[in-house]
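Examining the three-dimensional arrangement
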Number of protein chains: 4
Amino acid sequence: MAKEIKKIGVMTSGGDAPGMNAAIRSVVRTCAYHNIECIGIYRGYDGVIEGDYKPMNARSVKGIINKGGTILKSARSDVFRTVEGRKKAYNNLSKAGIDALVTIGGDGTFTGALIFSKEFNFPVIGIPGTIDNDIYGTSHTLGFDTALNTVVEAIDKIRDTASSHNRLFFIEVMGRDAGHIALNTGVGAGAEEILIPEEDLGLDRLLESLKRSKQSGKTSSIVVVAEGDKIGKNVFELRDYVEEHMSYYDVRVSVLGHIQRGGSPSCFDRVLASRMGVKAVESLLKGKSNYMVGLLNNKMELTPLKQAIKGKSTINLELLRVSDIMTT
Amino acid sequence: MAKEIKKIGVMTSGGDAPGMNAAIRSVVRTCAYHNIECIGIYRGYDGVIEGDYKPMNARSVKGIINKGGTILKSARSDVFRTVEGRKKAYNNLSKAGIDALVTIGGDGTFTGALIFSKEFNFPVIGIPGTIDNDIYGTSHTLGFDTALNTVVEAIDKIRDTASSHNRLFFIEVMGRDAGHIALNTGVGAGAEEILIPEEDLGLDRLLESLKRSKQSGKTSSIVVVAEGDKIGKNVFELRDYVEEHMSYYDVRVSVLGHIQRGGSPSCFDRVLASRMGVKAVESLLKGKSNYMVGLLNNKMELTPLKQAIKGKSTINLELLRVSDIMTT
Amino acid sequence: MAKEIKKIGVMTSGGDAPGMNAAIRSVVRTCAYHNIECIGIYRGYDGVIEGDYKPMNARSVKGIINKGGTILKSARSDVFRTVEGRKKAYNNLSKAGIDALVTIGGDGTFTGALIFSKEFNFPVIGIPGTIDNDIYGTSHTLGFDTALNTVVEAIDKIRDTASSHNRLFFIEVMGRDAGHIALNTGVGAGAEEILIPEEDLGLDRLLESLKRSKQSGKTSSIVVVAEGDKIGKNVFELRDYVEEHMSYYDVRVSVLGHIQRGGSPSCFDRVLASRMGVKAVESLLKGKSNYMVGLLNNKMELTPLKQAIKGKSTINLELLRVSDIMTT
Amino acid sequence: MAKEIKKIGVMTSGGDAPGMNAAIRSVVRTCAYHNIECIGIYRGYDGVIEGDYKPMNARSVKGIINKGGTILKSARSDVFRTVEGRKKAYNNLSKAGIDALVTIGGDGTFTGALIFSKEFNFPVIGIPGTIDNDIYGTSHTLGFDTALNTVVEAIDKIRDTASSHNRLFFIEVMGRDAGHIALNTGVGAGAEEILIPEEDLGLDRLLESLKRSKQSGKTSSIVVVAEGDKIGKNVFELRDYVEEHMSYYDVRVSVLGHIQRGGSPSCFDRVLASRMGVKAVESLLKGKSNYMVGLLNNKMELTPLKQAIKGKSTINLELLRVSDIMTT
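Residues numbered from 1 in each chain as written. Chains lettered and ligands numbered in written order. Predicted model: local features only at pLDDT ≥ 70, side-chain atom pairs only at ≥ 80, totals over all residues. Heavy atoms only, no water.

1. With respect to the domain arrangement of chain A
Residues and elements named next belong to chain A.
- Per the domain assignment, the segments of chain A are domain 1 (7-143 + 265-310) and domain 2 (144-261).
- With 18 residues of domain 1 at the contact, the number on the domain 2 side is 13 residues.
- In this assembly, domain 1 packs against domain 2 so that about 1200 Å² is buried in total across both faces, 48% of it on carbon and sulfur atoms.
- Among the residues of domain 1 in contact with domain 2, I131, D132 and N133 are the three that bury the most area, contributing 43% of the side total.
- At the junction of domain 1 with domain 2, the criterion picks out four salt bridges.
- The closest approach of N and O atoms between R176 and D134, which form a salt bridge, is 2.7 Å.
- On the surface where domain 1 and domain 2 come into contact, there are 12 residue pairs in polar contact (both at pLDDT 80 or more).
- Looking at the side of domain 1 that touches domain 2, its residues break down into six nonpolar, seven polar and five charged. (Domains from an automatic or database assignment. Contact = heavy atoms within 4.5 Å. Buried area = accessible area lost by both parts, 1.4 Å probe. Salt bridge = Lys/Arg side-chain N within 4 Å of Asp/Glu carboxyl O. Polar contact = N/O pair within 3.5 Å; in protein donor to acceptor, adjacent residues only side chain to side chain. Nonpolar A, V, L, I, M, F, W, Y, C, P; charged D, E, K, R; others polar.)

Okay, structure coming up:
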């Protein structure tokens, strides 16, 4: 039978995402609500290993619900990939009396959590925190909604210039191997074309589409390119290719970059983070382990970490069709 | 058998909401995609009656996806409540060759649409556009997500002052009879208490909660009050009551008002509007009538207008519990 | 000769304003730069009296340059208006070894500072922090620029609704007895009329102006009303008066309220605060006292506190003319 | 004596900047106010040459005060650099009865205006519109203030990630040969170091400064780099150099790019644009030509175009000192 849980550690790992602080706050306060001790662990798995722990109470997380980044810092840990590293982590957690972990991050984070949990029979629940939305078992990862708003606001600004100068802009957005950000912001910003890794448009069809757009009287165009898309080797080569073949276009590139990762979380992400933190702690208290909390059909649900890692968050192809219809 | 549809009218009615323009754009462009004529109808049902129509093509809706308000204007029509009004509306629609309507608005809008559609066997599909989220048959109405962000950003600003001066703020938010906006923004902004019409907290328990909050060391507090809440007669009397009973608090009121209705729509609302417009037009083309398009489990679904009007969009009580846990 | 200054106290008093934290940060870091000790004093003059002091170093003010409100809290103090209160304040400052004060606030704050400074020959430099811009000796007070942006963004949102519904909106903005916020935001938001205390338009001319605006084909209108304006007894009575006399208008009121006080400061306010903090500390180190630092012709200048309090920051009447030209 | 002016053309040229639309609006409405005809000229000098003109009245510029970009479009014209091009421009202006020009842009725009004006004795007044603030004769160019806010908001977001991951970020901002944007946003965003073309810090001193920053306990750092700075060949090589010499830093680069050019103008830029438009038109009506309107000591002043072009807008070196003090 599972050991009673009296002290929970909470940590963030991997790339930071808006809403992580709101999730930390929720974990800490849910612990307080249930009279469980809560320990903040700094710098991801490196902090777990090195014992970089600090007790947290309801006041410790005051005023952070609307802050980007993570007050617990984040890192990618090489040492945690070694048996020795995880052994040391376990020893330090035990010494500190920590009975269970809530780990906030993406699939790299969950992979580490799963291995560790099995090796030491240590209870772990994951909260999906990444702007990329590339996790199976939740319709939205923490930070995804905020990143979408950041991106469409940026594209709105770039469109001011594009339409003032009759230019074609290739705008690269984040998302790693997944096209969720590109697809949603492409539709949301009214992009003329959206290039995502899940659908190979091909350079020929891109050129054709841009020609059609030009002929239909559009004088400026926005193409949103997922960083994982491989239509050109990268967005700069894509620009060169198009400029070579469509000399009448003045083509520019904008790589939105790290602004997509930061910023005050949207209301959606704050509410989602609050719900996920409650669910994560209460799942641990009910003896659950090796699950990820997620939003499915607007409800909090658990998915085995193993599935969350291996599964694929599928792209909503209906949106590609919507984009096609909007730009004809 | 249903008459073939060759010309569709689109209109907005009732209170405006962010995303209405994105929905108009989507309706117009989906018509263009299917080689259907599209007619913009101005000023809601008054415009239907008076024949205030203008043909629209893909270019007519350029650059509006990110604009608040509605380029077709909106109004509440008294004349459309009369048989004569609706008769005249039908005659003018017929004269203009309009075969079907897409009507964007809330339950008042849909009630009018349903009566009209039945009287004249006129095909109508509704798109739920209101910040209040009080429509059955969709998890999100157009504008709701944007309004949530507008409200939490406003409360974040007020909290700067509240915590600098150790004050208690009652912040009234919109939502008519429903507490969706209050509940979500209350959680999202980390409010100490949330007052919604769906749950009668009672003045005594409010005072107790505020006392507890004070004793726990909090020096400032935010209480989010839904405009439909009846705990006090209104938010100003609520303030007076609390000041009388808790003299150590410096209490202020902020009625957020009409800023909640405007602004550039969030990415979520833009995508939702684009999807709804496609679904609305294509449903008409498939011979459907008297339905509302909605988002259910992240998919576009149809709900009979009758149900959409009579049904009740239920509040997510899980969120009240989350709020309680966050503030203990 | 003036005593050498080795320890400086910094405090905020009166209404909070965006940029106060940036000013605190600047004072603290300028002290560090000159190897002077810096003491944060909490809750304005109440804190001075009660000895609510905390040593601050360069790290204490990390990450606050972009935060609204004031980490030192603010308050209006009744006790400091008494001789006993000020005596106690002096004793506690002396006990703590504090040689001089930088006080951030408005004219109430400076009045207290001046009296205190004279009574005890205690060096004081003031930094003008108020959104109202009603201080003589500086073209911009801290927070004014940020408040202008907050207000025009709010009016932009309200205009979405106003123009969608053909409405007339009276929007009340802050500013106490001064019309600076109303005048600048009225021009910036393209208001049809601007009502400020410095210029009595008169109800008749307001009605005439609104009629002219209506006749010229405008279907919606925004009137910005300074809270200090006395054309109607208040903005709600103004609405009633206009509705009575111009029945064709659907008139609404929006009181923007406390959102104007908060929020992340604009770049302008952050730079201004940084400059003012440097100037304040270095003025004290040069033996100056009873001055306010201010921005005059883009340079940092000193104005005697006495003048800053008694002088009047004059309204830029050129702007009223610009507004008239823009709306004809 | 100068010919009476009855018809004024207005145009935008060069890179677009927030506030250009507000300036167009002001020119158009000031013409209406003085019963002067106003003609909008599209696509900069190319449009002047090709006769791409459209009459504008007060209604034509409705709802644009808060829009980024320029409704008149902008372009850089090669043909206008030829005598033939300018001859054709003059002929088309004459044919259209246009007596004078208001031209909104940067020094390239003014250079063309000056040559043209002298060749054909054609009255021209310039309005400085560029985010770079690199024009002599005005403390602020149109769009500068807005760009500063866009940049500090972007850096605030990037700092979330920087401090969550203990990273060093090089952030490249616009400004062409001038460091105004970098200097102001560097101070406003609390950057650890600011690299501008006007001051050669040198790579050695940059490394030293970063080392000192690291030793003082800072775990993350932001360096703002003006695009015109030549400390490294470009920001990417700068990164490589620093990574090579300071292996303990995880260095990232962000090129903010075109988001800096767009967006809704700040209140400051809207007011400035409104004032400048009035001054430009009324200066023409008073017989002035070959001047630029500018903001000097908060007043509208005229500067000969020749000086505006040749003069140099000097950087505020006080700000560099402020930055040094803030980061020690």
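2. Some points on the sheet that holds strand β10 (residues 291-296) of chain B
All names here are of chain B.
- A sheet is described by the order of its strands in space; here seven strands give the open sequence β3-β2-β1-β4-β5-β10-β11, paired in mixed fashion. The outermost strands of the open sheet, each flanked by one partner alone, are β3 (53-56) and β11 (299-304). Direction aside, neighbouring strands of the sheet carry axes that sit 30° apart on average.
- In this structure, strand β5 (residues 124-128) lies alongside β10, joined through two bridges in parallel fashion. Bridging across to β10, G126 finds its partner in M292. (Pairing = 2+ DSSP bridges. Helix = DSSP H or I, 4+ residues; strand = E, 2+ residues; numbered from the N terminus. Axes fitted to C-alpha atoms, helices over the stretch in contact; angles between N-to-C directions.)

3. Digging into the relation of the copies chain D and chain C
- Rotating chain D by 180° and translating it 0.0 Å along the rotation axis places it on chain C, where the RMSD comes to 0.0 Å. Each copy turns onto its partner about a two-fold axis. Residue N297(D) of chain D places its C-alpha closer to the rotation axis than any other residue of that unit, at 2.3 Å.
- Of the interface residues in chain D, 100% have counterparts in chain C that sit at the interface too, so the contact is made through matching surfaces. (Least-squares fit on C-alpha atoms with pLDDT ≥ 70 in both.)

4. Some remarks on the interface of chain B and chain A
- Of the residues lining the interface, 46 residues belong to chain B; the matching set on chain A comes to 46 residues.
- At the boundary of chain B with chain A, total buried surface from both sides reaches about 3900 Å², with 53% on carbon and sulfur atoms.
- Where chain B touches chain A, the interface holds six salt bridges.
- As a salt-bridge pair, R275(B) and E318(A) come within 2.8 Å of each other at their nearest N and O atoms.
- The tally of links from chain B across to chain A stands at 14 residue pairs in polar contact (both at pLDDT 80 or more).
- Counting only elements with at least two residues in the side of chain B that touches chain A, the list comes to α1 (20-33), α5 (144-165), α6 (180-188), α9 (267-285) and α11 (317-326) of chain B.
- Counting residues per element, the side of chain B that touches chain A draws most heavily on α9(B), at eight residues.
- Across the side of chain B that touches chain A, the residue classes tally to 16 nonpolar, 19 polar and 11 charged.

5. Section: the interface of chain D and chain C
- In this assembly, 46 residues from chain D lie in contact with 46 residues from chain C.
- Across the chain D/chain C interface, buried area totals approximately 3900 Å², and carbon plus sulfur atoms make up 53% of it.
- The largest share of the area that chain D buries against chain C comes from C267(D), I325(D) and M326(D), three residues that together contribute 16% of it.
- At the boundary of chain D and chain C, one finds six salt bridges.
- Here chain D is connected to chain C by 14 residue pairs in polar contact (both at pLDDT 80 or more).
- Elements supplying a minimum of two residues to the side of chain D that touches chain C: α1 (20-33), α5 (144-165), α6 (180-188), α9 (267-285) and α11 (317-326) of chain D.
- It is α9(D) that contributes the most residues to the side of chain D that touches chain C, eight residues altogether.

6. Considering the UniProt feature "active site" (unreviewed entry) in chain A
All names here are of chain A.
- Taken from the UniProt record, the annotation "active site" (unreviewed entry) applies to D132.
- By the element assignment, D132 lies in the loop between β5 (124-128) and α5 (144-165).
- If sequence neighbours within four positions are ignored, D132 has contacts with T141, M174, G175, R176, A178, H180 and I181. (UniProt positions renumbered as here; feature names shortened; annotations may be inferred.)

7. So, the packing of helix α3 (residues 83-95) of chain A against helix α4 (residues 107-120) of chain A
Residue and element names in this part refer to chain A.
- Contact pair α3 / α4: the axes reach a minimum separation of 11 Å and the direction vectors enclose 70°. In this view, α3 runs roughly perpendicular relative to α4, as classed from their interaxial angle. The two elements α3 and α4 meet at a crossing, and its hand is right-handed. Residues R86, K87, A89, Y90 and L93 of α3 touch α4, and the partners they reach there are I115, F116, E119 and F120.
- For the contact of α3 with α4, the residue count by class is six nonpolar, no polar and three charged. (Parallel < 35°, antiparallel > 145°, perpendicular 65-115°, else oblique. Left-handed = near helix turned anticlockwise from the far one by under 90°.)

8. Focus on the UniProt feature "binding site: Mg(2+)" (unreviewed entry) in chain A
All names here are of chain A.
- UniProt records the feature "binding site: Mg(2+)" (unreviewed entry) for D107 in the present numbering.
- Mapped onto the secondary structure, D107 falls in helix α4.
- What makes D107 partly exposed here is its relative accessible area of 26%.
- Discounting residues that sit within four places of it in the chain, D107 has contacts with I135, R176 and I309. (Buried < 20%, exposed > 50% of the residue type's maximum accessible area, 1.4 Å probe, protein only.)

9. As for the pattern of salt bridges
Residues and elements named next belong to chain B.
- Taken as a whole, this structure holds 68 salt bridges over all chains when the rule is applied.
- Measuring nitrogen to oxygen at the nearest pair gives 2.9 Å for the salt bridge that ties R167 to D250. Taken together, the residues span a long stretch of sequence, with R167 in strand β6 (residues 167-173) and D250 in strand β9 (residues 250-255) at a distance of 83 residues.
- For D250, a relative accessible area of 29% gives the class partly exposed.

10. A short note on the pairing of strand β1 (residues 7-12) of chain D
Residues and elements named next belong to chain D.
- By the criterion of burial, β1 is predominantly enclosed, with six of the six residues buried.
- The alternating pattern of β1 places K7, G9 and M11 on one face and I8, V10 and T12 on the opposite face, and all of these are buried.
- Here four bridges tie β1 to strand β2 (residues 37-41), and the two strands are oriented parallel to one another. Along β2, the bridge assignment pairs V10 with G40.
- Each parallel crossover has a hand, and the one from β1 via α1 to β2 is right-handed.
- Direction of pairing for β1 relative to strand β4 (residues 100-105): parallel, over a ladder of five bridges. Bridge pairing links G9 to L101 in β4. (Right-handed = clockwise from strand over helix to strand, strands pointing away.)

11. Focus: unusual backbone geometry
- Phi angles above zero are rare outside glycine, and N133(A) is one such case at about 55°.
- Summarising the element assignment, N133(A) is placed in the loop between β5 and α5.

12. With respect to the sheet that holds β6(B)
Residue and element names in this part refer to chain B.
- Here four strands make up an open sheet; going across it, the order is β7-β8-β6-β9 and the pairing parallel. On the outer flanks of this sheet lie β7 (193-195) and β9, each paired with one strand and no other. When the angles between neighbouring strand axes are averaged without regard to direction, this sheet yields 20°.
- Note: β6 against β9, six bridges, orientation parallel. Paired with I171 across the bridge in β9 is S254.

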